[in-house]
Amino acid sequence: MNLLARLIGTVFYVGYMKPAPGTWGSLIALPLGFLIFQIGGIWLFLFAIIIGFFKGWWATELMTKGRENHDPSEIVVDEVVGQWIAIAPVFYAAWRLEIDVTLLWPGWLAAFLLFRAFDIFKPWLVGWADRRDDALGVMLDDVIAGIFAAITVLILAAFFHLVIM
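Attention here is on the structure that accompanies the text.

Rules and cut-offs
Residues numbered from 1 in each chain as written. Predicted model: local features only at pLDDT ≥ 70, side-chain atom pairs only at ≥ 80, totals over all residues. Heavy atoms only, no water. Helix = DSSP H or I, 4+ residues; strand = E, 2+ residues; numbered from the N terminus. Rg over C-alpha atoms; globule rule 2.2 N^0.38 Å. Buried < 20%, exposed > 50% of the residue type's maximum accessible area, 1.4 Å probe, protein only. Contact = heavy atoms within 4.5 Å. Areas by Shrake-Rupley, 256 points an atom, 1.4 Å probe, with all protein chains shown as cover. Lys, Arg positive; Asp, Glu negative; His and termini not counted. Charge placed at Lys NZ, Arg CZ, Asp CG, Glu CD. Expected span 1.5 Å × (residues − 1). Salt bridge = Lys/Arg side-chain N within 4 Å of Asp/Glu carboxyl O. Phe/Tyr/Trp six-rings, centres within 6.5 Å; stacked < 30°, edge-to-face > 60°.

Side note on the overall build of the protein
Alright, step 1. Secondary structure assignment for the protein yields six helices and zero strands.
Alright, step 2. Counting helices and strands in the order they occur from the N terminus, the protein gives α-α-α-α-α-α.
Alright, step 3. In terms of overall size, the protein behaves like a compact globule, its C-alpha atoms giving a radius of gyration of 16 Å where 165 residues would be expected to give roughly 15 Å.
Alright, step 4. If you line up the protein on its principal axes, its C-alpha atoms span 55 × 35 × 25 Å.
Alright, step 5. Within the protein, the fraction of its 165 residues that count as buried is 48%.
Alright, step 6. Sequence separation of 24 or more characterises 73% of the internal contacts of the protein that already satisfy a separation of 6 or more.
Alright, step 7. Approximately 9,000 Å² of the protein is accessible, and the part contributed by carbon and sulfur atoms is 73%.
Alright, step 8. Here the protein holds 10 positive side-chain charges and 14 negative ones, and the gap between their average locations is 3 Å.

Some words on the environment of Leu30
Alright, step 1. Of note, Leu30 is situated in helix H2 (residues 21-64).
Alright, step 2. If we skip the residues at most four places from it in the chain, Leu30 touches Gln83, Ile87, Trp108 and Phe112.

A closer look at H2
Alright, step 1. The end-to-end C-alpha distance of H2 is 17 Å, clearly below the 64 Å that 44 residues give at a rise of 1.5 Å each.
Alright, step 2. Among the residues trailing H2, Gly66 stands out with phi positive, at a value near 80 degrees.

Quick look at the pattern of salt bridges
Alright, step 1. For the coordinates displayed, the defined rule picks out five salt bridges.
Alright, step 2. Of the charged contacts in the structure, one is a salt bridge between Arg67 and Glu74, with a shortest N-O distance of 3.3 Å.
Alright, step 3. Relative accessible area serves as the criterion here: at 37%, Arg67 is assigned to the partly exposed category.
Alright, step 4. One salt bridge in this structure joins Asp119 and Arg116, with 2.7 Å as the shortest N-O distance.

Thoughts on the side chain of Ser26
Alright, step 1. Assignment of secondary structure puts Ser26 in helix H2.
Alright, step 2. Ser26 sits in the buried class, given a relative accessible area of 0%.
Alright, step 3. Not counting the four nearest positions on each side in its chain, Ser26 is found in contact with Glu79, Gln83, Phe112, Phe115 and Arg116.

Topic: unusual backbone geometry
Alright, step 1. Omega for the peptide link from Lys18 to Pro19 comes to -10 degrees, which places this bond in the cis form.
Alright, step 2. Relative to the helices and strands, Pro19 is located in the loop between helix H1 (3-9) and H2.
Alright, step 3. For Val11, which is not a glycine, the phi torsion comes out positive at approximately 50 degrees.
Alright, step 4. With respect to the secondary-structure elements, Val11 resides in the loop between H1 and H2.

Concerning the packing of aromatic side chains
Alright, step 1. Inspection of every chain in the model, using the stated rule, returns 14 aromatic pairs.
Alright, step 2. Between the aromatic rings of Phe159 and Phe160, the centroid separation amounts to 5.4 Å while the plane-to-plane angle is 75 degrees, which identifies the pairing as edge-to-face.
Alright, step 3. An aromatic cluster is built from Phe34, Phe37, Phe45, Trp84, Phe91 and Trp108, whose rings are joined through pairwise contacts.

In short, shape yes, function no, at least from these values alone.
Structure below.
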């Protein structure tokens, strides 16, 4: 197997951490995303999501080629991309308001927990993407879970903003 594909797919071997490699992948996404955001702001972070998706799709395709299991647990690049999507509203708010993103820690926590919930329980479109049984489905189910989590983070933020106003 291609070493680069394995490095990308497992996010530098984080995917081999036990138990719950998907949770480890989601956790490592937070400091990686923070670092990207600190280096290049919101635009580099959003670009990283897009690049991460396509590199993840490529790596997943190579890592699953000829295997029965279309979504082996060691592939966690999909969790990283999904978690980045889930936390994007928090990073955007910090950038837009010109505040330290760490001050928005409740949003970090909500994005993490909501993404994990949508990824584990796979409601509606998340489950549909997971049932594709191909590399694109592996990536899409986490992208959709990330979108659902991001929307929920925005709704929660709006609700809490209204409550304290």
